[in-house]
Amino acid sequence: MFFILDMFILAGIFGFLYGFLLQKADFCFTASFRDWISVRDSRIGKGVLVLIATAMLGFGLMLTLGFASVEQVWSMPIGFSNLIGGILFGIGMTIAGSCASGALYRAGMGYIQFWIVIACMIAGNLLFALVYDPWAADYVMEPLALTEEGFSLFQMNLPFLLIPFMIVALMLFIASRQFGWTGIWQGAKESLQDMKGNPLTKSHWDIRFVAVLLGILATIQFVVMSSISITGPETRIGGVLLSFFFGEDFIYQNTYLNGMFADFPVIGLGPEETLVIFMIIGAFVSALLSKSFRIRKPKASRLPYAIGGGLLMGISSRMAPGCNIANVVAGMGGLSISSLIVIVGMAGGVFIATAYIFKMPLMLFQKMDFDFDESA
C-alpha cells in the first residue's frame, strides 16, 4: 500500500517538474520540426538534439551501472505503422499547432484551444480502440508489422555507453565544424544566463539548459518508475471516463482497452496518468510565477484545427505507437529502432503539412502557437 502511494507521489513530482520545465522554455516539438523545415531556424531543434543526447547518455550510464536493465527500455514492434503513424502524427500536430506535451503545458497556461486539443486526442485514442478489434488489428496493424518484438541498439552485445558516446561525439563534431569549439563553449555559458537573479519568476529559460534538465529527469524516471509517455496514459484516462458511462465490462470487452489496463487491478488512474495530470499543474504554477497565466479564448476559425488535429494525433499515436515525447525522449534515449522510424515519419508529416497542406508563410504558423491573446 505504501509502495503504491509512493509511486503516485513520485509520479506527481515528475509530472510537475516536466510541466514546469516545458513551460519555462516553451519547449514545442512541433515548432522544432516546422521552423527548421520552413526557414532552417534550428533554435528549438538544437534543444531537441541536446535532450536526445542527454537522454541517450543518461540511459546508457544507468544500464552500465546496473541501475536499470535493457528490459526496461521502451521499444515497440517495428513496422510500416511506425512510419505511417509518425507521418499522420506530424500532420496532426502541425494542424493543431502543438505536440502532445506542448498541448499539456499550454493548457496549464490558460489556452482553451489546447484543452480542446487534449480532449480530441483522447477521443482519437478511444476511436482507435473501438475499431481496433477486429478491423484495425487484422487489416491495418498486422499487415504493416515487420517484427513482433521491439528492438533497441542497447540489445547489441556492445558496451552500453559506446553507441551513445559515438552519436554524441558525431553531434559535437558537426557542431564544432559549424560554430567552432569556442562557439559551443559560449553557447553553453549563454544557456545559464537565465539562472541569474530569481529564475522562478522569469518567463523564459534557455531551451538548451532546459533540455539537459529534462534529459536528466527522464533518466531518473527511467530508473525509478517507467519511461515517460503521454498518449498511452491519456488513452487510459479516456477508458476510465468511458467506464463511468458504459460500465467496466465495456472496457474489459474491448480488446485494445483491456490490454491497456492489463497491469491494473481495476479500471482506474495509475501513476502514469497522475504524471500527465501534474504536467498541467506544473505548467500552471510556472505560468503563475512568471505572471504569464491568463485564460485565452481561441478564435472560432481555429477550432476546426484543434478538433481535427487533435483527433488525428490521438488516432496516429496509437498506430505509431507513441507521441513526440515518448519517441524522442524514451525511445531515442533507449536507442529504439521503432522510435527512430516514428520520428522520421513525424518530420515528414510536419514537412507535408507545412509545405503542401497549408501553403502559407511561416509567420502564420508561428502565430498559430502564440497569438491567442487577440480574442481573450
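Everything numeric in this text was worked out from a predicted model, so none of it was measured.

## Examining the packing of helix H4 (residues 80–96) against helix H13 (residues 303–319)
And then number 1: At their nearest, the axes of H4 and H13 sit 8 Å apart, and the two run at 160° to each other. Relative to H13, H4 is oriented roughly antiparallel. The hand of the H4/H13 crossing is left-handed. When H4 is examined against H13, the residues Ser81, Ile84, Gly85, Leu88, Phe89, Ile91, Gly92, Met93, Ile95 and Ala96 are found in contact with a partner set consisting of Tyr305, Gly309, Gly310, Leu312, Met313, Ser316, Ser317 and Met319.
And then number 2: Here the residues of the contact of H4 with H13 sort into 11 nonpolar, seven polar and no charged.

## Concerning a negative patch on the surface
And then number 1: A cluster of acidic residues, Asp133, Asp138, Glu142, Glu148 and Glu149, forms a negative patch on the protein surface.
And then number 2: The set of elements that each furnish at least two residues to the negative patch consists of helix H6 (112–144) and strand E2 (145–150).
And then number 3: If you tally residues by element for the negative patch, the top one is H6, at three residues.
And then number 4: Looking at where Asp133 falls in the secondary structure, it is placed in helix H6.

## Points about the pattern of salt bridges
And then number 1: Taken as a whole and assessed by the stated rule, the structure comprises four salt bridges.
And then number 2: Among the salt bridges present, the one from Arg236 reaches Glu272, with a minimum N-O distance of 2.6 Å. Here Arg236, found in helix H9 (residues 231–246), pairs with Glu272, found in helix H12 (residues 271–289); they are 36 residues apart in sequence, far enough to count as distant.
And then number 3: A single network of salt bridges, built from pairs that share partners, joins Arg236, Glu272 and Glu273.

## Some remarks on the packing of H6 against H13
And then number 1: Two numbers describe how H6 lies on H13: the axes approach to 6 Å, and their chain directions differ by 40°. Our classification of the angle between H6 and H13 gives oblique. Once H6 is placed against H13, the crossing between them reads as right-handed.
And then number 2: Its residues assigned to classes, the contact of H6 with H13 comprises 17 nonpolar, six polar and one charged.

## Some points on the packing of aromatic side chains
And then number 1: Taken as a whole and judged by the stated rule, the model has 13 aromatic pairs.
And then number 2: With 5.5 Å between their ring centres and 80° between their planes, Phe261 and Phe264 make a pair best called edge-to-face.
And then number 3: A relative accessible area of 3% places Phe261 in the buried class.
And then number 4: Ring plane angle 90° and centroid distance 5.1 Å describe the contact between Phe284 and Phe293, whose orientation is recorded as edge-to-face.
And then number 5: Given a relative accessible area of 28%, Phe293 falls into the partly exposed group.
And then number 6: Linked through ring pairs, Phe16, Phe20, Trp205 and Phe209 together constitute an aromatic cluster.
And then number 7: Taking the ring centre of Phe114 as reference, the NZ or CZ of Arg106 above it sits at 5.6 Å.
And then number 8: A cation over a ring is seen here: Arg296 above Tyr111, with NZ or CZ 4.5 Å from the ring centre.

## Focus: the side chain of Ser75
And then number 1: Positionally, Ser75 belongs in the loop between helix H3 (43–65) and strand E1 (77–79).
And then number 2: A polar atom in the side chain of Ser75 sits 3.0 Å from the backbone nitrogen of Phe151.
And then number 3: Here the side chain of Ser75 touches Ser336 through a polar contact of 3.2 Å, side chain to side chain.

## Concerning a nonpolar patch on the surface
And then number 1: On the surface, Phe80, Leu83, Ile84, Leu146, Leu340 and Val344 cluster together into a nonpolar patch covering about 520 Å² of accessible area.
And then number 2: Those elements that place two or more of their residues in the nonpolar patch are H4 and helix H15 (337–358).
And then number 3: Looking at the nonpolar patch, the element that brings in the most residues is H4, giving three residues.
And then number 4: Among the secondary structure elements, Ile84 is positioned in helix H4.
And then number 5: Classification of Ile84 by relative accessible area gives partly exposed; the value is 33%.

## Overview of the environment of Pro271
And then number 1: For Pro271, the position within the fold is in helix H12.
And then number 2: Looking at Pro271, the relative accessible area reads 23%, which means it is partly exposed.
And then number 3: Between the C-alpha atom of Pro271 and that of Arg177, which follows or precedes it by 94 residues, the distance is 44 Å.
And then number 4: Here Pro271 is in contact with Met7, Phe8, Ala11 and Met225, once residues within four sequence places are set aside.

What counts as what
- Residues numbered from 1 in each chain as written.
- Predicted model: local features only at pLDDT ≥ 70, side-chain atom pairs only at ≥ 80, totals over all residues.
- Heavy atoms only, no water.
- Axes fitted to C-alpha atoms, helices over the stretch in contact; angles between N-to-C directions.
- Helix = DSSP H or I, 4+ residues; strand = E, 2+ residues; numbered from the N terminus.
- Parallel < 35°, antiparallel > 145°, perpendicular 65-115°, else oblique.
- Left-handed = near helix turned anticlockwise from the far one by under 90°.
- Contact = heavy atoms within 4.5 Å.
- Nonpolar A, V, L, I, M, F, W, Y, C, P; charged D, E, K, R; others polar.
- Patch = residues over 30% accessible without salt bridge, like charges linked within 9 Å, V, L, I, M, F, W, Y side chains within 5 Å.
- Areas by Shrake-Rupley, 256 points an atom, 1.4 Å probe, with all protein chains shown as cover.
- Salt bridge = Lys/Arg side-chain N within 4 Å of Asp/Glu carboxyl O.
- Lys, Arg positive; Asp, Glu negative; His and termini not counted.
- Charge placed at Lys NZ, Arg CZ, Asp CG, Glu CD.
- Phe/Tyr/Trp six-rings, centres within 6.5 Å; stacked < 30°, edge-to-face > 60°.
- Buried < 20%, exposed > 50% of the residue type's maximum accessible area, 1.4 Å probe, protein only.
- Lys NZ or Arg CZ within 6 Å of the ring centre and 35° of its normal.
- Polar contact = N/O pair within 3.5 Å; in protein donor to acceptor, adjacent residues only side chain to side chain.

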